Amino acid sequence: PGPIFANIVLADEVNRATPKTQSALLEGMQERTVSVGDSTRPLPKPFFVLATQNPLEMEGTYPLPEAQLDRFLLKILVNFPKAQDLMRIIDTTVGTQTYRASQITTGEQLEALISTARAVPVATHVKEYAVNLLLATHPDQEDAPEKVRRYVRYGASPRGLQALITSSRVRALLEGRYNVSVEDIQTVAFPALRHRILLNFDGLA
């Protein structure tokens, strides 16, 4: 039925895909369905998209609109590999040995883990901290920092708040805790919000 009908989809250099292809991918991410003509097909569960963007060459690319970027939970910056990582790249790609991934879980187990993460409690004061952090990204808010008023055109959306809470719940579990802390919110703030805050001309300059 098509390459998007999988549990894990890697959209390599998604900014090189045409707007129509991007739109189809993002429908799947949002609605968990694919529409063709008058028929709609559900995507398998779980469904997870990893996308990369190449920031070096912009010619012939179609940057994702802000509303579509907002559908990605996190934006993680990948730095150039260090020397030890480059050595591993040599060992695993240029030699004669073939490496294969091995299965470590099933879709049903992953769905159960997702349900567990959603059940991690978040105290009221932690929710308030996340809300205040999100509001502080909006230049029209009374409590917005001076730099936000000066350099930001639009702040993060409510999806940004959802990303903060969702990611913080997972981090709490990874840290061996069963409740979300303010530190969890702070740790996930950059990857959860960096693609949701739009700079003005001065900020881009």
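Quick caveat: nothing in here was measured; it's all calculated off a predicted structure. (Residues numbered from 1 in each chain as written. Predicted model: local features only at pLDDT ≥ 70, side-chain atom pairs only at ≥ 80, totals over all residues. Heavy atoms only, no water.)

Now for the overall build of the chain. Helix and strand counts for the chain stand at nine helices and six strands. A principal-axis box enclosing the C-alpha atoms of the chain has dimensions of 60 × 55 × 45 Å. The buried share of the chain, reckoned over its 205 residues, is 28%. If you take every contact in the chain between residues at least 6 apart in sequence, the share linking residues at least 24 apart comes to 69%. (Helix = DSSP H or I, 4+ residues; strand = E, 2+ residues; numbered from the N terminus. Buried < 20%, exposed > 50% of the residue type's maximum accessible area, 1.4 Å probe, protein only. Contact = heavy atoms within 4.5 Å.)

With that out of the way, let us pick up the environment of Thr96. Secondary-structure assignment places Thr96 in the loop between α3 (83–93) and α4 (107–118). Sequence spacing of Thr96 and Ala83 is 13 residues, and the spatial spacing of their C-alpha atoms is 21 Å.

On the surface, Ile8, Leu10, Phe48 and Leu50 cluster together to form a nonpolar patch covering roughly 440 Å² of accessible area. Elements that contribute at least two residues to the nonpolar patch include exactly β1 (8–11) and β4 (48–51). Assignment of secondary structure puts Ile8 in strand β1. (Patch = residues over 30% accessible without salt bridge, like charges linked within 9 Å, V, L, I, M, F, W, Y side chains within 5 Å. Areas by Shrake-Rupley, 256 points an atom, 1.4 Å probe, with all protein chains shown as cover. Salt bridge = Lys/Arg side-chain N within 4 Å of Asp/Glu carboxyl O.)

With 13 residues, helix α1 (residues 19–31) should reach 18 Å at 1.5 Å per residue; the first-to-last C-alpha distance of 18 Å fits that figure. When we look at burial in α1, the residues that qualify are Gln22, Leu25, Leu26, Gly28 and Met29. Viewed along the axis of α1, the buried residues span an arc of 150 degrees, placing them on a single side of the element. Looking at the buried residues of α1, the elements they touch are β1, β2 (33–36), β4 and α2 (66–69). Directly beyond the C-terminal end of α1, a positive phi value near 60 degrees is found at Arg32. (Expected span 1.5 Å × (residues − 1). Arc of directions from axis to C-beta.)

Following the sequence through the fold, Ser168 ends up in helix α7 (residues 158–174). There is a polar contact of 3.5 Å between the side chain of Ser168 and the backbone oxygen of Asp184. Not counting the four nearest positions on each side in its chain, Ser168 is found in contact with Val180, Asp184, Ile185 and Val188. (Polar contact = N/O pair within 3.5 Å; in protein donor to acceptor, adjacent residues only side chain to side chain.)

What follows deals with unusual backbone geometry. The omega torsion of the bond from Lys45 to Pro46 falls at -5 degrees, within 30 degrees of zero and hence cis. With respect to the secondary-structure elements, Pro46 resides in the loop between β3 (39–42) and β4. Phi at Glu13 takes a positive value of approximately 50 degrees, unusual for a residue other than glycine. For Glu13, the location among the structural elements is in the loop between β1 and α1. According to the relative accessible area criterion, Glu13 is partly exposed, its value standing at 24%. Within the chain, Arg32 stands out as a residue other than glycine whose phi angle is a positive 60 degrees. Looking at the secondary structure, you find Arg32 in the loop between α1 and β2.

Quick look at the packing of helix α5 (residues 124–135) against α7 now. The geometry of α5 relative to α7 is characterised by a closest axis approach of 10 Å and an angle of 140 degrees between their N-to-C directions. Taken together, the axis directions place α5 and α7 in an arrangement best described as oblique. Taken as a pair, α5 and α7 cross one another with a handedness that is right-handed. Contacts between α5 and α7 pair Ala130, Val131, Leu133 and Leu134 from the former with Gly160, Leu161, Leu164 and Ile165 from the latter. (Axes fitted to C-alpha atoms, helices over the stretch in contact; angles between N-to-C directions. Parallel < 35°, antiparallel > 145°, perpendicular 65-115°, else oblique. Left-handed = near helix turned anticlockwise from the far one by under 90°.)

This paragraph deals with the environment of Val188. Tracing the chain through its elements places Val188 in helix α8 (residues 182–193). Once the C-alpha coordinates of Val188 and Arg150 are considered, the two residues, 38 residues apart in sequence, prove to be 24 Å apart. Apart from residues no more than four positions distant in its own chain, Val188 is found in contact with Leu164, Ser167, Ser168 and Arg171.

Moving on, we come to the nonpolar core. Counting residues in each nonpolar core, the largest one holds 16 residues, and the members touching the most others are Leu164, Val180 and Ile185. Contributing elements (two or more residues each) for this core: α5, α7 and α8. With five residues, the single largest contributor to this core is α8. With residues near it in sequence (within four places) discarded, Leu164 still touches Ala130, Leu133, Ile185, Val188, Ala189, Ala192 and Leu193. Residues Ala11, Val34, Leu69 and Phe72 belong to the second largest nonpolar core, which totals 14 residues. (Core = buried A, V, L, I, M, F, W, Y, C linked by side-chain atoms within 4.5 Å.)

Geometric descriptors of this kind do not, in isolation, establish any biological role.
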